[in-house]
Amino acid sequence: MKKYEYAGIDVSTEKSAADAATCYIEAVRRYMEAENIPDADTIAAILGLQRVEENKKEGEKKVLTLKEREQCLQASGLPRSYSEAETDSAECLQIVLQDVTNHLELQLFYTVFEECDVITRSARLINHSDASVTLDRCLSAQLDLTEDYSVITHFSGAWAREMHREQISLRSGKFINASYTGTSSNRSNPFMILGHKNTCETFGSCIGCNLIYSGNHYEALEKDSYGKLRFVSGINPQSFSWELTPETHFDTPEAVFSYSSNGYGGLSRQLHSFVCEHIVRGVWKRRPRPVLLNSWEAAYF
């Protein structure tokens, strides 16, 4: 660590928080008396920052095939998208970010399914330190929007009245669609559509946001005082706590995003294609099922 001095005072960042605060106050007092502007390195040291040239580690980027991504994430045990075709154009961008101070590594996985107009995002946090780390919140995705996608479509329901479509317009504040019952179910589907006010079934822009997770989930859209929007999605942070022991990792569920300029109908067709090709698995993927159990609700009496 480089040692810094200002006005005769050691303001090195190796000092404790209490000592650093004392040095900072005394340095400011002497600065006011001397009217001598400190250089950038000294300011950084006073604020407790490290030199960028010495400590910054560039984020690593790597393009993976879905087979390589599957090998990387197979230990997570979470359901996720896949591809069975050798000629599939789907690719995954892996971005690796390092916290050199706390010895944590964050891996971001962005998977593009071009033929379905779908992008998915998930994350893996790895603890490379010698101590355990407690996670209180670790969401799957965040989307910042400058356009006004403030018309929210979501689905709720109960027994015998599943999947009721509800639509609201967010003028300000925050809208939350979440489950805290341990399941998603028909009461709270982990799916939302963000649309323009003029979007309809056949025209207009909209964004579908789905979470491949059936436990406690959390989706929120917030509009600030400047009309900017932020959407987040992931495991519900309420009462969430996960101990990440040394050299272990935590995987978030996969979040799915799809944009359509052809209204809600266009978005529905894109997501339907994605689910059929990249979610549904097994020998009956493209064949009629031989037996349909509990069919009375579909046919009634």
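Every chain is numbered on its own, with residues counted from 1 as its sequence reads. This being a predicted model, a pLDDT of at least 70 is required before a residue's local features are given, and a value of 80 or more before pairs of side-chain atoms are given or counted; all residues contribute to the totals for chains, interfaces and linings. Note that the side-chain values use all heavy atoms of the structure and ignore hydrogens as well as water.

Draft legend 1. A look at a negative patch on the surface. Judged by side-chain charge, Glu91, Glu114, Glu115 and Asp117 come together as a negatively charged surface patch. Within the secondary structure, Glu114 is located in the loop between strand S5 (104-113) and strand S6 (118-127). Any residue with relative accessible area above 30% and no salt bridge may belong to a patch, with like charges joined within 9 Å and the nonpolar Val, Leu, Ile, Met, Phe, Trp and Tyr side chains within 5 Å. In these tables, accessible area is a Shrake-Rupley quantity obtained with a 1.4 Å probe, and a residue counts as shielded only by the protein chains included in the view. Here a salt bridge means any side-chain nitrogen of Lys or Arg lying within 4 Å of a carboxyl oxygen belonging to Asp or Glu. When charges are tallied, Lys and Arg are placed among the positive residues and Asp and Glu among the negative ones, while His and the ends of the chain are skipped. For charged residues, the charge sits on one atom: NZ in Lys, CZ in Arg, CG in Asp, CD in Glu. Strands are runs of DSSP state E lasting at least two residues, helices are runs of H or I lasting at least four, and both sets are numbered from the N terminus onward.

Draft legend 2. Structural view of the side chain of Arg69. Here Arg69 shows up in helix H4 (residues 66-73). Look past the residues within four positions of Arg69 in its chain and what remains in contact with it is Leu64, Arg80, Ser81, Tyr82, Cys92, Phe109, Thr111, Thr120 and Glu254. We call two residues contacting when some pair of their heavy atoms lies within 4.5 Å.

Draft legend 3. Just the pattern of salt bridges, in detail. Evaluation of the coordinates by the stated rule reveals ten salt bridges. Notably, a salt bridge pairs Lys223 with Asp148, separated by 3.4 Å at the nearest N-O pair. Residue Lys223 is located in strand S14 (residues 217-223), and its partner Asp148 is located in the loop between strand S8 (139-145) and strand S9 (151-158); the two are separated by 75 residues in the primary sequence. Beyond isolated ion pairs, a larger network of salt bridges with shared partners links Glu84, Glu277, Lys285 and Arg286.

Draft legend 4. Looking closely at the packing of aromatic side chains. Stacked, tilted and edge-to-face pairs are distinguished by plane angle, under 30 degrees for stacked and over 60 for edge-to-face with tilted covering the rest, among Phe, Tyr and Trp rings (Trp via its six-membered ring) whose centres lie within 6.5 Å. In total, this model carries five aromatic pairs according to the counting rule given. Measuring from ring centre to ring centre gives 5.2 Å for Phe113 and Phe274, while their planes differ by 70 degrees; the resulting arrangement is edge-to-face. Pair noted here: Phe113 is in strand S5 and Phe274 is in helix H5 (residues 263-278), with a separation of 161 residues, a long-range link. We call a residue buried when its accessible area falls under 20% of the maximum for its residue type, exposed when it is over 50%, and partly exposed in between, using a 1.4 Å probe and counting protein chains only. Phe274 sits in the buried class, given a relative accessible area of 2%. Members of the aromatic cluster, connected to one another through ring pairs, are Phe240, Trp242 and Phe250. By definition, being over a ring means that NZ of Lys or CZ of Arg is both within 6 Å of the ring centre and within 35 degrees of the ring normal. In this structure, Arg165 is placed above the aromatic ring of Tyr264, and the distance from its NZ or CZ to the ring centre is 4.9 Å. In this structure, Arg281 is placed above the aromatic ring of Tyr82, and the distance from its NZ or CZ to the ring centre is 4.1 Å.

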